[in-house]
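Breakdown of the fold
Spelled out, the chains give:
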Amino acid sequence: MKLWKHNVPGLSQTSASVMNGEESRQSVRRRPAGLTIRVREIDCMLADIQAHIQLLRRERTHLGLVREELAGMEAKWSKSSPYKTLSK
């Protein structure tokens, strides 16, 4: 009878979990749940800030248009009005 390596006493046998790669997956460091939640909160906060920035940019554009319209109206009034506005 011939002896094979896996039949030799004293040699360690490879476990099924190592063969399937389970051991290598367990050795991967996982982030603590609290850190994952905190990262998610920061992502949400950044998304809110970006949305607020976009809203402020639209408001700035709108105010610029309103200023132009008011300046045009003021110029029109000053031309047609008998009373001149005082310049500072």
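Residues numbered from 1 in each chain as written. Predicted model: local features only at pLDDT ≥ 70, side-chain atom pairs only at ≥ 80, totals over all residues. Heavy atoms only, no water.

**Brief notes about the overall build of the chain**
Along the chain, the regular secondary structure elements total three helices and zero strands. Listed by position from the N terminus, the elements making up the chain come as α-α-α. Relative to its full complement of 88 residues, the chain shows a buried share of 0%. (Helix = DSSP H or I, 4+ residues; strand = E, 2+ residues; numbered from the N terminus. Buried < 20%, exposed > 50% of the residue type's maximum accessible area, 1.4 Å probe, protein only.)

**Structural notes on a nonpolar patch on the surface**
On the surface, Ile42, Met45, Leu46, Ile49 and Ile53 cluster together to form a nonpolar patch covering roughly 410 Å² of accessible area. Mapping Ile53 onto the fold places it in helix α3 (residues 33-80). Residue class for Ile53 comes out partly exposed when judged on its relative accessible area of 37%. (Patch = residues over 30% accessible without salt bridge, like charges linked within 9 Å, V, L, I, M, F, W, Y side chains within 5 Å. Areas by Shrake-Rupley, 256 points an atom, 1.4 Å probe, with all protein chains shown as cover. Salt bridge = Lys/Arg side-chain N within 4 Å of Asp/Glu carboxyl O.)

**Overview of the pattern of salt bridges**
When their charged atoms lie close together, side chains carrying opposite charge are able to pair. Within this structure, the stated rule accounts for one salt bridge. Among the ionic pairs, Arg38 bridges to Glu41, the shortest N-O distance being 3.3 Å. On the criterion of helical spacing, the pair formed by Arg38 and Glu41 is a turn pair, its members being three residues apart in helix α3.

**Quick notes on the confidence of the model for the chain**
On average, residues of the chain carry a pLDDT of 77, and 58% of them reach 70 or more. The weakest mean pLDDT in the chain belongs to helix α1 (residues 16-19) at 52; the strongest belongs to α3 at 93. (pLDDT = per-residue confidence, 0-100.)

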